[in-house]
Structure formats: structure tokens, C-alpha cells
Amino acid sequence: MPEPDFFTVLLLLVSPAAGSFLGVLVDRLPRGEDVVRARSACRACGRALRPRDLLPVLSFVMARGRCRGCGAAIPAWHLYLEIAAPGLAVLALLAGGGAAHVWLTALVLWLLLALAVSDLIWMRLPDVLTLALALAALVRAGLAGHAAMAGLGALLGVGSFWMIRWGYARLRGREGLGLGDVKLMAGIGAFCGPGLLPHVVLAGALLGVLAVLLAAVRSGQGPAGDARQPFGAALAAAAVLVWLWTAAGQAAI
Ligand SMILES: [Zn+2]
């Protein structure tokens, strides 16, 4: 593990707040709402959130996951994001590298997390997030001297998924792969590089099949052939797992 310096300590300090902000992005972007200027308010009663409502994790726990005004339940995934974001920051730190690299790794992991949650809840991968992911992954690779490989990974990711989308639509006459999944592959391809891209796609497909089978077992019915699946969430999870696997092999965690 690298020596803790000012920038890495700062990363850990801001990470719970980053988790809160990811919650705002996931809550508002798919609805087409402003994420910068609009004040946070309860969805049920419209009460504006005060500073004591905005403390990551603590506010949720102290208010028992309910609005202090009307008592409406706040979705638990807000809390999960506030816990997961610091966890991902710790993994970025353990994987090593200079301060800028560690920060960019954390940013990529946070964006993948936000995209996965957005896909699970809304079946949407907002363009702002897929674009930010691609930019962060390319800058991260550029700083490490791998810009060309990252660019190739992004091209292969988008190209292969666009071909699958086009081929499926031609064969079946309906959409099998969303455009958001195609855009997501730009960032994932840049983050993992062309060499690991097949691993990510395979792991994502296996996770996706597993999720469908688990849902079928829980519902007691067979898997629905034409039901939409959050494949983007499976791909984002696979990208993090493959990155973790390679990082564990390189750094002495
Ligand atoms: Zn309320």
C-alpha cells in the first residue's frame, strides 16, 4: 500500500460526499432534471434538505431512512452509494500509482457504480455519465502513457457492441442491445484496454445470465425471453471485477 499523503487522505475524506453526489446524479439525470443548480428536496413533500440532512451515511441512519418532514421512505440505494463510494476509493488507493492516477481511478470506479445503479433502477445509462466515464478513462490512461491502447480499447468496445446491436436488430427485427450499452463500452474499453476487453464482456454476460436465472428462480417462473435486462450494470460490475483481478496481480495488496 502506498504511503498516505495529503491527496490520498483528501480522497478518502471526500469519498462519502462523492457517494451522495452519485445519488443525486442517479436520481436526477434519468429524469432529465438539473443536477447543479436545483436544491435537493424530498420527492414526497418537496421540503428542501438542510445541512443536517446532507451528511453522508449519518443523516440516513439518524433519520432512519425517512424524510424529517413527511416521514416518506428515502430509497436505500442512496445509503448504499454513500458506503460503496469510500470502498471504491480505498480499492483505488490500494491499487497504487501517483495521486492523479489514484484520483482518476476512483473517479472511473465511481462513474461505473453510478451507471450500474442507474441501469438497475431506471434501465437507463445517461449520456453525461457514459461520456464522463470515457473521458476519465482516457485521461487516466494518457497520464500513464497508455493513451493509444486506451483509445484502441474504446474503439473496439464501441465497434464490437455496435456490430452486435446492428446484427441482432437485423436478425430479430427488434432491439436487443441498447445504444447506452454501446456508449458505455467506450469508457470500459478505455479503462480495461483491448487485451482485457474480452474478459470483461464474458464476465458481464455470465453475470447477466446469472442475474436472469436468479430472478427466474425467485419468481418461480421461467426466464422471460423478451424482458429487458440491465446488461450495462453487469458490464460495469464486470469491468470493476476484471480491474480488481489485474490490480491484485500487479500490486501487493
Ligand atoms: Zn418529505
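Below you will find a few notes about this structure. Source: prediction; values computed, not measured. Every chain is numbered on its own, with residues counted from 1 as its sequence reads. Per-residue local features are limited, in this predicted model, to residues with pLDDT of at least 70; the limit for side-chain atom pairs, both in listing and counting, is 80 or more; totals at the level of whole chains, interfaces and linings are taken over all residues. Water and hydrogen atoms were dropped before computing side-chain values, which therefore reflect all heavy atoms in the structure.

1. Regarding the coordination of the zinc ion
- Coordination shells were defined by N, O and S atoms within 2.8 Å of each metal, extended to 3.2 Å for Na, K and Ca; water is absent from the atom set, which can make sites look incomplete. Every protein donor of the zinc ion is accounted for by Cys42 (SG), Cys45 (SG), Cys67 (SG) and Cys70 (SG), and the metal-donor separations fall at 2.3 to 2.4 Å.
- Irregular is the label for any site that misses the other tests, which are tetrahedral for four donors with all angles between 85 and 135 degrees, and square planar for four donors or octahedral for six when opposite donors exceed 155 degrees and the remaining angles lie between 65 and 115. Here the zinc ion binds four donor atoms, and the angle range of 104 to 113° at the metal identifies the geometry as tetrahedral.
- Written as a sequence motif, the donor residues of the zinc ion are C-x2-C-x21-C-x2-C. Of this pair, Cys42 sits in the loop between helix 1 (6-28) and helix 2 (58-62) while Cys67 sits in the loop between helix 2 and helix 3 (77-95), and the two are 25 residues apart along the sequence. The pair formed by Cys42 and Cys67 is uniform in burial state, with each residue classed as buried. Numbering of helices and strands runs from the N terminus, with a helix taken as a DSSP run of H or I at least four residues long and a strand as a DSSP run of E at least two residues long. Think of it in three bands: with a 1.4 Å probe and only protein chains considered, a residue is buried below 20% of the maximum accessible area for its type, exposed above 50%, and partly exposed in between.

2. Examining the packing of aromatic side chains
- Each Phe, Tyr or Trp ring (for Trp, its six-membered ring) is paired with any other whose centre lies within 6.5 Å, and the angle between the two planes then decides the class: stacked below 30 degrees, edge-to-face above 60, tilted in between. Scanning all chains against the criterion turns up four aromatic pairs.
- Pairing Trp162 with Trp166 gives two aromatic rings, centres 6.5 Å apart and planes at 10°, and the pair type is stacked. Linking Trp162 with Trp166, this pair stays in helix 6 (residues 147-172), spanning four residues, or about one helical turn.
- Residue classification places Trp162 among the partly exposed residues on the basis of a relative accessible area of 43%.

3. Digging into the packing of helix 3 against helix 4 (residues 99-122)
- Interaxial angles span 0 to 180 degrees and are taken between N-to-C directions of axes, which are lines fitted to C-alpha atoms, for helices over the stretch in contact. Taken N-terminus to C-terminus, the directions of helix 3 and helix 4 make an angle of 150°; their axes are 9 Å apart at the nearest point. The pairing of helix 3 with helix 4 is recorded here as roughly antiparallel in orientation. For helix 3 against helix 4, the interelement crossing comes out right-handed. Across the interface between the two elements, Trp77, Leu81, Ala84, Ala85, Leu88, Ala89, Ala92 and Leu93 from helix 3 touch Val102, Thr105, Ala106, Leu109, Trp110, Leu113, Val117 and Ile121 from helix 4.
- Taken together, the residues of the contact of helix 3 with helix 4 break down into 15 nonpolar, one polar and no charged. Small angles under 35 degrees read as roughly parallel and large ones over 145 as roughly antiparallel, with 65 to 115 read as roughly perpendicular and the rest as oblique. By definition, any crossing whose near helix is turned counterclockwise from its far helix by less than a right angle is left-handed, and any crossing with a clockwise turn is right-handed. Any two residues having at least one pair of non-hydrogen atoms within 4.5 Å are treated as being in contact. Here the term charged refers only to Asp, Glu, Lys and Arg, the term nonpolar to Ala, Val, Leu, Ile, Met, Phe, Trp, Tyr, Cys and Pro, and the term polar to all other amino acids, Gly among them.

4. Looking at the packing of helix 4 against helix 5 (residues 127-143)
- Interaxial distance between helix 4 and helix 5 falls to 9 Å at its minimum, and their mutual angle equals 155°. Taken together, the axis directions place helix 4 and helix 5 in an arrangement best described as roughly antiparallel. Of the two possible hands of crossing, helix 4 and helix 5 adopt the one that is left-handed. Two secondary-structure elements touch here, helix 4 through Ala100, His101, Leu104, Thr105, Leu107, Val108, Leu111, Leu112, Ala114 and Leu115 and helix 5 through Leu129, Thr130, Ala132, Leu133, Ala136, Ala137, Val139, Arg140 and Leu143.
- Of the residues belonging to the contact of helix 4 with helix 5, the class tally is 15 nonpolar, three polar and one charged.

5. Focus: the pattern of salt bridges
- A carboxyl oxygen of Asp or Glu within 4 Å of a side-chain nitrogen of Lys or Arg is what we treat as a salt bridge. Under the definition given, this model contains eight salt bridges.
- Salt-bridge contacts for Asp34 lead to Arg37; the nearest nitrogen and oxygen are separated by 3.0 Å.
- In this structure Asp34 comes out as partly exposed when scored by relative accessible area, which is 29%.
- Arg68 is the salt-bridge partner of Asp53, the closest N and O atoms lying 2.6 Å from each other. Placement of Asp53 in the loop between helix 1 and helix 2 and of Arg68 in the loop between helix 2 and helix 3 is noted, with a sequence separation of 15 residues between them.

6. Things to note about helix 3
- In a helix, the anticipated span is given by 1.5 Å times the number of residues less one. Look at helix 3: 26 Å from first C-alpha to last across 19 residues, which is about the 27 Å you get at 1.5 Å a residue.
- For helix 3, every residue scored as buried is listed here: Trp77, His78, Leu79, Leu81, Glu82, Ala85, Pro86, Leu88, Ala89, Ala92 and Leu93.
- At the exit of helix 3 stands Gly96, carrying a positive phi of roughly 85°.

7. Some remarks on the environment of His101
- Relative to the helices and strands, His101 resides in helix 4.
- As for His101 and Val139, which are separated by 38 residues in sequence, their C-alpha atoms are 9.3 Å apart.

8. Observations concerning helix 7 (residues 179-219)
- Taking 1.5 Å as the rise per residue, helix 7 with 41 residues should run 60 Å; its terminal C-alpha atoms sit only 29 Å apart, a clear shortfall.
- Of all the bends found along helix 7, the most pronounced is centred on Gly193 and spans about 115°, while Pro194, a proline, follows it within four residues.
- Gly220 sits one or two residues past helix 7 and shows a positive phi near 80°. What the bend at a residue measures is the angle between two axes, fitted to the seven residues ending there and to the seven starting there.

9. What to know about the environment of Ser219
- With respect to the secondary-structure elements, Ser219 resides in helix 7.
- On a C-alpha basis, the gap between Ser219 and Glu82 in space is 30 Å, while along the polypeptide they are 137 residues apart.

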